[in-house]
Amino acid sequence: MNRITPCLWFDHQAEAAATFYVSIFKHSKMGPVTYYGEAGARMSGLAQGSVMTVTFELDGQEFVALNGGPLFTFSEAISMMVKCQNQAEIDEMWAQLSEGGEEGPCGWLKDRFGLSWQIVSPDWNDMLRDNDAARAERVMQAILTMSKPDLAAIRRAYDQPS
């Protein structure tokens, strides 16, 4: 059991979003669904008997998707970071998550539900923390020119002689 579970607020698409995310990430599964009763429906303005929450798991991390109505929407202030092992995985994650959404700069995108994602490589932070400031700066400059990450270009920037 996770001690901390992110709860994602959707207008009315919680079940569709959870199903979409589970279809993308391996080792993921749908969990229990709760439905609005009379009191919750009255408070939320959503129909009695409609989906209230969907619990789901992505690679072992539990999430709850809540249908809360249009009061709140996602912003880039919160994003899901996906560490990809190679370019093929980056390409796959990018294609699936950005479908129907919006591609952004520096490995960021919004999915069709408006949730922001960062598609990264696990060694980026090591490169950006390199003791050689010139190397780290070249990596940052390379990342800033990209939308979907290009690991070969980032590696070339890192390996370039100072």
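See the structure above.
Right, let's walk through the structure included here. (Residues numbered from 1 in each chain as written. Predicted model: local features only at pLDDT ≥ 70, side-chain atom pairs only at ≥ 80, totals over all residues. Heavy atoms only, no water.)

Nonpolar side chains tend toward joint burial in soluble globular proteins. In this structure, Tyr21, Phe56, Leu97, Trp117 and Ile119 are the most contacted members of the largest nonpolar core, which totals 40 residues. Sorting elements by how many residues they give to this core places helix H1 (residues 14-24) first, with seven residues. Residue contacts for Trp117: discarding those within four places in its chain leaves Tyr21, Phe25, Leu58, Ser79, Met80, Val82, Leu97, Gly107, Trp108, Leu109 and Asp111. (Core = buried A, V, L, I, M, F, W, Y, C linked by side-chain atoms within 4.5 Å. Buried < 20%, exposed > 50% of the residue type's maximum accessible area, 1.4 Å probe, protein only. Helix = DSSP H or I, 4+ residues; strand = E, 2+ residues; numbered from the N terminus. Contact = heavy atoms within 4.5 Å.)

Within the open sheet, the four strands sit side by side as S1-S4-S3-S2. Their pairing is mixed. Looking at strand neighbours, the two that pair on one side only are strand S1 (7-10) and strand S2 (29-35), the edges of this open sheet. Averaged over all pairs of adjacent strands, the angle between their axes in this sheet comes to 20°, without regard to strand direction. Pairing of S2 with strand S3 (residues 51-58), which is carried by five bridges, proceeds in the antiparallel orientation. From the neighbouring strand, Val33 faces S3, where its bridge partner is Val54. Contacting S1, S2, S3 and strand S4 (61-67), H1 runs over the sheet at an angle of about 10° to S3. (Pairing = 2+ DSSP bridges. Axes fitted to C-alpha atoms, helices over the stretch in contact; angles between N-to-C directions.)

Now for the sheet that holds strand S5 (residues 79-83). The strands that make up a sheet pair up through hydrogen bonds in the backbone, lying either parallel or antiparallel. The strand order across the open sheet built from four strands is S5-S8-S7-S6, with neighbouring strands paired in mixed fashion. Looking at the sheet topology across the chains shown, the edges are occupied by S5 and strand S6 (102-103). Most of the contacts of helix H3 (residues 87-98) go to strand S7 (residues 108-110), to which it runs at about 30°, and overall it touches S5, S6, S7 and strand S8 (116-120).

Take the pairing of S3 next. Most of S3 sits out of view: six of its eight residues are buried. As judged from the six bridges shared by S3 and S4, these two strands associate in the antiparallel manner. Counterpart to Val54 in the pairing with S4 is Ala65. Connecting S3 to the next strand, S4, in antiparallel fashion are two residues, including Asp59 with a positive phi near 50°.

Our focus in this paragraph is the state of the cysteines. Counted by the stated rule, this structure contains zero disulfides. Cys106 supplies the cysteine sulfur nearest to Cys84, a cysteine that is in no disulfide, at a spacing of 16 Å. The partly exposed category is assigned to Cys106, whose relative accessible area is 22%. (Disulfide = S-S within 2.5 Å.)

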